[in-house]
Amino acid sequence: MKERTIHRFSLYGTNIVVDVNSGSVHIFDSIAYDVLDNYLDGLNEKEIVEKIGNKYEQAQVHEAFREILQMKEENLLFTEEEYNFKPVLNNALIIKAMCLHVSHDCNMRCKYCFASKGDFGSGRKLMDIETGKKAIDFLISNSGKRKNLEVDFFGGEPLMNFEVMKEIVTYAREKEKEFNKNFRFTVTTNALLLNEEVINYINENFVNVVLSIDGRKETNDNMRLSINEKGTYSYIIDNIKDMAKSRNQENYYVRGTFTRENLDFSKDVLHLANEGFKQISVEPVVAAANTGYDIREEDLPKIKSEYESLALEYVKRNKENKGFIFFHFMIDLEHGPCAEKRYKGCGSGSEYVAVTPEGDIYPCHQFVGIEDFKMGNVKNEILNKSLADNFKKSNISSKEECSKCWARFYCGGGCAANAFNFNKDINKPYRIGCELEKKRVECALWIKTQL
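Residues numbered from 1 in each chain as written. Predicted model: local features only at pLDDT ≥ 70, side-chain atom pairs only at ≥ 80, totals over all residues. Heavy atoms only, no water.

J.: I keep staring at the nonpolar core and nothing clicks. Help me out?
T.: Nonpolar side chains in soluble globular proteins generally cluster together in the buried interior. With 119 residues, the main nonpolar core has Leu100, Phe153, Ile280, Phe326 and Phe367 as its most contacted residues. Setting aside residues no more than four positions away along its own chain, Phe326 makes contact with Val269, Ile280, Ser281, Val282, Tyr307, Leu310 and Tyr314. Among the nonpolar cores identified, the runner-up in size contains 21 residues, and Ile6, Tyr33, Leu40 and Phe65 belong to it. (Core = buried A, V, L, I, M, F, W, Y, C linked by side-chain atoms within 4.5 Å. Buried < 20%, exposed > 50% of the residue type's maximum accessible area, 1.4 Å probe, protein only. Contact = heavy atoms within 4.5 Å.)

Set out below in structure tokens:
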């Protein structure tokens, strides 16, 4: 069982050992790394010295062995799991975040769009202000004692319903004073409708903005198409630059998607960095099998290699004061999420919900349109408690694969929607996603050792 409580790997000559349950991360020299390997094979101190004593000085082997035992005694290695957070079932939801679908319409037709090119398979429509107000009321009434609440304006393309967005923000600001709440607004946009007025409004009212672009022009224009099926790069790049510049390169992300058609996605990340963007996220597509651009098992070695090469360049640029932030390489080893948060994951269906233009409530934006996951409607607030309980009970202990995985406290059990879409079970993780997450975490930890 010792192997399950630690994870060890080497990257670019650095030996890293992770204590899974405590979160401790250690750099081992070659002697200690060899001693650890043999210790995991069940050898005692004398047997290890006999086996590798000719490779190193015996005194160094003895010292390394005793240091490993001391780390174990101090709960820095082979820590026993102590987490066991029990969800409170059949109780009121305490919701802290809402994905507000103000638009089920879009002015683009991206090939890989999980939302059926913007309408989520239910016809093109926009949220009216009354539904938006009801959604804000629902969030307030189901937020318990939480003061800070988050609302992400989403679509489709939310800026197609800009006037209603502004009315919703105004209404929420009025209500937060009445109920002692603090709303934090974000928006995810394809940037086609950004102009000076919109940029100024977002900067005055929104804490964060996500701007969609896939990287190089040829990459972006292969997937992110206009209604007339033309590439959009030349239409959006200057708008996105204006937005990022207006926010002093902070509190935003340029967010792209890579597919099987650009497995060399590190070049897209670096292209965005070269264009001056400082906050970058480029993520693997999640697409049905045989679409042509879906990520497959045979693609994993190439993708993992791309992450490693990107990590090397990431460190190089940071040391040259030319750095940028790559979302998937961000790990806070000192002030990150609390143990309970890491245990439960993203909180979809219990702490986080999505609301459609009609007011229907779903566990998250990726479940929208799947009838079996409709939880209720903000206009009558009738919720499917058993469905909510299923999401509350879903955590790293309820997922067999996660309970054995060294990276479980970094990802919180992965994406429930991806699990359902690929395995028809929110507790059976999407394997390809898991493999890529583990490689990203390894790269992120290596980066920590270098910076």
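J.: Would you take a moment to explain the pattern of salt bridges for this structure?
T.: Inspection of every chain in the model, using the stated rule, returns 34 salt bridges. For the salt bridge of Lys267 with Asp264, the shortest nitrogen-to-oxygen distance reads 3.8 Å. Taking the shortest distance from any N to any O, the salt bridge between Arg440 and Glu437 comes out at 3.0 Å. Taken as a pair, Arg440 and Glu437 lie in helix H17 (residues 431-450) at a separation of three residues, close to a single helical turn. Since its relative accessible area comes to 8%, Arg440 is described here as buried. Given a relative accessible area of 18%, Glu437 falls into the buried group. One connected set of salt bridges, linked through shared partners, spans Glu297, Lys304, Arg431, Glu435 and Lys438. (Salt bridge = Lys/Arg side-chain N within 4 Å of Asp/Glu carboxyl O. Helix = DSSP H or I, 4+ residues; strand = E, 2+ residues; numbered from the N terminus.)

J.: Looking at this structure, how should I read the pairing of strand S7 (residues 148-154)?
T.: Consecutive residues of a regular strand have side chains that alternate between opposite faces of the sheet. The buried fraction of S7 is high, at five of seven residues. Strand direction decides the pairing type here: strand S4 (residues 97-101) and S7, joined by five bridges, are parallel. Note that in S7 the partner of His101 across the bridge is Phe154. By the bridge criterion, six bridges tie S7 to strand S8 (residues 182-189) in an arrangement that is parallel. By the bridge assignment for S8, Asn148 is matched with Asn182. Following the backbone out of S7, through helix H6 (residues 162-179) and into the adjacent parallel S8, one traces a crossover that is right-handed. (Pairing = 2+ DSSP bridges. Right-handed = clockwise from strand over helix to strand, strands pointing away.)

Remember, this is a structural readout, not a statement about activity or role.
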